[in-house]
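Residue-level structural notes
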Amino acid sequence: MKIIPFLAYKDLVRDKKIVILVIFLLAFSYINLTFFPAFLNGLSNTFQDEVVDTATSHIIIQPRIESKEQYLNFESSIRKKVDLVPGVAASSSHISLSGAVFFKDQQMGALVTALEPSVDNEVTTISQKILKGEFLEDDDVDSVILGQIIAGRKIEDKIGQQGGFGASVEGLGGVNVGEKVKIRFSNGVEKEYKVKGIVGTQGFSLVSQSVYISKKEAENILGIDDKASAILVRLNNKNDADRIKNLILESGIPNADMKTWEEASTFTQGIKQTFGIVTIVTTFVAVVVVVSTIGIVVFINTARKKRIIGVLKAIGMQKNEIMMVFLFESLLFGVIGTVIGAGIVYVALFYLSLNPILLPLGALVPVLYTETAIISAAILIVSSVIAGYLPARMASRQEILETIRVVE
Amino acid sequence: MIKLTNVSKIYKMGSSEIHALRDVDMRIKKGEFVSIMGPSGSGKSTMLHLIGILDKQSKGSVIIKDKDVEKMTDEERTAFRLAEIGFVFQFYSLLPELTAIENTFIPNMLYLKKASDEKYRKNAAEVLKKLGVGERLHNYPHQLSGGEQQRVSIARALINKPQLLLTDEPTASLDTKTALNVIKTFRKLSNETGQTVVLITHEQELGAMADRGIWLKDGQIDKEKRF
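First, a word on what this report is: a plain description of the structure on this page. Quantities reported herein were computed from a predicted structural model and do not represent experimental measurements. (Residues numbered from 1 in each chain as written. Chains lettered and ligands numbered in written order. Predicted model: local features only at pLDDT ≥ 70, side-chain atom pairs only at ≥ 80, totals over all residues. Heavy atoms only, no water.)

Check the secondary structure of chain A and you find 13 helices and 16 strands. Rg of the C-alpha trace for chain A: 32 Å, well past the compact-globule value of 22 Å for 408 residues, more than 25% over. Projected onto its principal axes, the C-alpha coordinates of chain A cover approximately 100 × 65 × 35 Å. Buried positions account for 49% of the 408 residues belonging to chain A. In chain A, the proportion of contacts linking residues at least 24 apart, taken out of those at least 6 apart, comes to 76%. Within the structure as shown, chain A displays about 19700 Å² of accessible surface, and the carbon and sulfur contribution to it stands at 60%. (Helix = DSSP H or I, 4+ residues; strand = E, 2+ residues; numbered from the N terminus. Rg over C-alpha atoms; globule rule 2.2 N^0.38 Å. Buried < 20%, exposed > 50% of the residue type's maximum accessible area, 1.4 Å probe, protein only. Contact = heavy atoms within 4.5 Å. Areas by Shrake-Rupley, 256 points an atom, 1.4 Å probe, with all protein chains shown as cover.)

Rendered as structure tokens:
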């Protein structure tokens, strides 16, 4: 069957400009099929990492809902037990409080998280996100760390005057390090704190929206001891989370509910599902573009070659052989387009792995999973062949006498 | 070689019928060079299409090389044309993206599927040289004159050494001198290799170069003459 690739190749070489155009269109369809999911994967990883690094760590242990307990009791002994499990790097207790923060004439509701900085440094990256001032010490009882959204800022009005007509504030309107804020906790305790530092990131972050105090201060306010709202467990390898969670479960922690980072981050799972739907839509659009392009190109090609197809049939070329020539052309379009598209995508991904995209949400490194790359290639190649099938079949089944009467 | 018995061909155009051929009986012997002549609409091309098994008769029987073509499947008819019949068309019908030698070896590639590229090229070059276009092997159709293109299409028709060569107005787009040369080529083929040639033409003087002429009129044989 040497004749099929021979004729397909010769036909394609003849129309170089159209072939190059079609191949690049297919290459960009492949980029569309793969780069968009890679971008979304990178985006959800950015969210996921942020949540893991500041809110859940790799495993989070919380009081079982059915137990109606607000806290885990004997948190220090639970942590000792957890720290002994192989694969666990460190653990840290958090106490959650809610309250309202007051500054001058501004006030804002906030989630207050209490932690033991010296221990928490091994588990979360909250202390590394300090933008101004310093982070807490274990013994700080009169200091507070504000997230930058809580600290807020003044927004200039349209003519550039601060505080002028149309001006507004965000958060508490711009609290500076060293200034004092008052917090009214949900249990009714009110206390004034000196702002020791402001935390946050350039992009999306939970820390920007939180208030942090020391665990010692939280125990004073709540009048509790050796209790925690949650214990965050950092692992040596986050992909071991399921296995280590089972080991911790086997060690026996009463009235505790345990979730891996994947189970805990329902927010990012929701984002991934949303992105999944968006990806399906972009895939559908890419397939429509590919099928239309290849279908039209093959259809025009066969219509233009009507007489030649008739002559080839007259001199002894079978219908199926003629159909295969055009299908082979479609296959070549698909394969070459995919290879070029994949080349561009992988070069771009390599570049972006060294130079992440800086978005308002944070630094983003697109991640392309091998199965997405393979499935996208298969979709593109199969769509190309399917698109070429109908016009190729129509061309091969034309009556010889109808076609050879056509004068070129 | 060719035996048409009581052959009719009727085309249906809506509710009306057009009788392109009416009860035609014709025999062509192996090695004979026959020209079929007649005015437009006389049934010349219809007869060539039936002999070339490109079309099916409405009535009667068409036997080519002792085979009743009506009993063949589509695939068998195509395979039979490839092995036994060479076609030369009025408008050359060469593939513009192929050189002279490539156009010529296409039927050879279809017929000798397992042969090497060198074999195809060697076979094609031999035929093209015999037809006097051996210097133009690697030229594309648009680089060849009308006469040269027609010679390439004759080479393509001959490469599988078919027993029957069917030519449909092969000189219609050529000047007188070139047309004469093309017909002389057929004459030479018939004399030297015993090739059976059927020439459809409306030019009497060219048709007279065959062994025998058959004139058609209104779908019937009007007269026959041996030259």
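This part covers unusual backbone geometry. All names here are of chain A. The residue S57 is not glycine, and still its phi comes out positive at about 50 degrees. Assignment of secondary structure puts S57 in the loop between α2 (16-56) and β1 (59-63). Of note in this structure, K104 is not a glycine but carries a positive phi near 50 degrees. Counting through the fold element by element, K104 comes out in the loop between β3 (88-103) and β4 (106-115). Classification of K104 by relative accessible area gives exposed; the value is 69%.

Residue and element names in this part refer to chain B. As summarised here, the arrangement of the four strands in space is β2-β1-β4-β5, forming an open sheet in which the pairing is antiparallel. In the strand order of this sheet, the two ends are held by β2 (16-28) and β5 (67-68), each with one partner. Note: strand β1 (residues 2-13) against strand β4 (residues 59-64), five bridges, orientation antiparallel. The residue bridging I2 from the neighbouring strand is I64, located in β4. (Pairing = 2+ DSSP bridges.)

All names here are of chain B. The mixed open sheet is built from six strands, whose spatial order is β6-β7-β8-β3-β9-β10. The open sheet is flanked by β6 (85-88) and β10 (220-226), the only strands paired with a single partner. Shown here is a sheet whose adjacent strand axes are inclined to one another by a mean of 20 degrees, direction ignored. Judged from the five bridges that link them, strand β7 (residues 164-168) and strand β8 (residues 196-200) form a sheet pairing that is parallel. Each bridged residue has a counterpart across the sheet, and for L165 the counterpart in β8 is V197. Along the sheet, helix α1 (residues 44-51) makes contact with β3 (33-37), β6, β7, β8 and β9 (212-217), crossing β7 at roughly 150 degrees. Sitting on the sheet, helix α6 (residues 176-193) is in contact with β3, β7 and β8, with an inclination near 145 degrees to β3. (Axes fitted to C-alpha atoms, helices over the stretch in contact; angles between N-to-C directions.)

Residues and elements named next belong to chain A. On the surface, a nonpolar cluster with roughly 590 Å² of combined accessible area is contributed by L25, I277, V281, F284, V285, V288 and V289. It is helix α9 (residues 266-304) that provides the largest number of residues to the nonpolar patch, a total of six residues. Looking at the element boundaries, V281 is found in helix α9. With a relative accessible area of 48%, V281 lands in the partly exposed category. (Patch = residues over 30% accessible without salt bridge, like charges linked within 9 Å, V, L, I, M, F, W, Y side chains within 5 Å. Salt bridge = Lys/Arg side-chain N within 4 Å of Asp/Glu carboxyl O.)

This part is about the packing of α9 of chain A against helix α11 (residues 319-354) of chain A. Packed helix pairs are characterised by how far apart their axes lie and by the angle those axes make with each other. Residue and element names in this part refer to chain A. Where α9 meets α11, the closest approach of the two axes is 11 Å, and the angle between their N-to-C directions is 145 degrees. Handedness of the crossing formed by α9 with α11: right-handed. Touching I294, V297, V298, N301 and T302 of α9 are F326, E329, S330 and F333, all from α11. In the contact of α9 with α11, the residues fall into five nonpolar, three polar and one charged. (Left-handed = near helix turned anticlockwise from the far one by under 90°. Nonpolar A, V, L, I, M, F, W, Y, C, P; charged D, E, K, R; others polar.)

Moving on, we come to the interface of chain A and chain B. Accessible area lost when the parts come together is the quantity often used to give the size of an interface. Contacts between the two partners involve 26 residues from chain A, matched on the other side by 32 residues from chain B. Between chain A and chain B lies a buried interface of about 2600 Å² when both sides are counted; carbon and sulfur atoms form 66% of it. Scanning the region where chain A abuts chain B turns up five salt bridges. Among the ionic pairs, D74 of chain B bridges to K319 of chain A, the shortest N-O distance being 3.7 Å. Joining chain A to chain B, the criterion identifies eight residue pairs in polar contact (both at pLDDT 80 or more). Looking at the side of chain A that touches chain B, the elements with two or more residues in it are α1 (3-14), α10 (306-314), α11 and α13 (400-404) of chain A. (Buried area = accessible area lost by both parts, 1.4 Å probe. Polar contact = N/O pair within 3.5 Å; in protein donor to acceptor, adjacent residues only side chain to side chain.)

Once that is clear, we can look at the environment of M394 of chain A. Residue and element names in this part refer to chain A. By secondary structure assignment, the location of M394 is in helix α12 (residues 370-396). Looking at M394, the relative accessible area reads 46%, which means it is partly exposed. In sequence terms M394 and K319 are 75 residues apart; their C-alpha atoms lie 10.0 Å from each other.

Another point: the pattern of salt bridges. Taken as a whole and assessed by the stated rule, the structure comprises 32 salt bridges over all chains. In this structure, the salt-bridge partner of E224 of chain B is R212 of chain B, at a minimum N-O distance of 2.6 Å. Here the residue E224 of chain B occupies a position in strand β10, and R212 of chain B occupies one in strand β9, the gap between them amounting to 12 residues. Residues joined by salt bridges that share partners form a network here, namely D11, R14 and K305 of chain A together with E97 of chain B.

On to α2 of chain A, then. Between its terminal C-alpha atoms α2 of chain A stretches 56 Å, which fits the 60 Å expected from 41 residues at 1.5 Å a residue. Directly beyond the C-terminal end of α2 of chain A, a positive phi value near 50 degrees is found at S57 of chain A. (Expected span 1.5 Å × (residues − 1).)

Now for the pairing of β2 of chain B. The pairing of β1 of chain B with β2 of chain B spans nine bridges and is antiparallel. Pairing of M13 of chain B across the sheet is with S16 of chain B, part of β2 of chain B.

Next up on the list: the environment of K81 of chain A. Residue and element names in this part refer to chain A. With respect to the helices and strands, the residue K81 is situated in helix α3 (residues 75-83). Between the C-alpha atom of K81 and that of S251, which follows or precedes it by 170 residues, the distance is 7.6 Å. Beyond its immediate sequence surroundings of up to four residues, K81 is in contact with S251 and G252.

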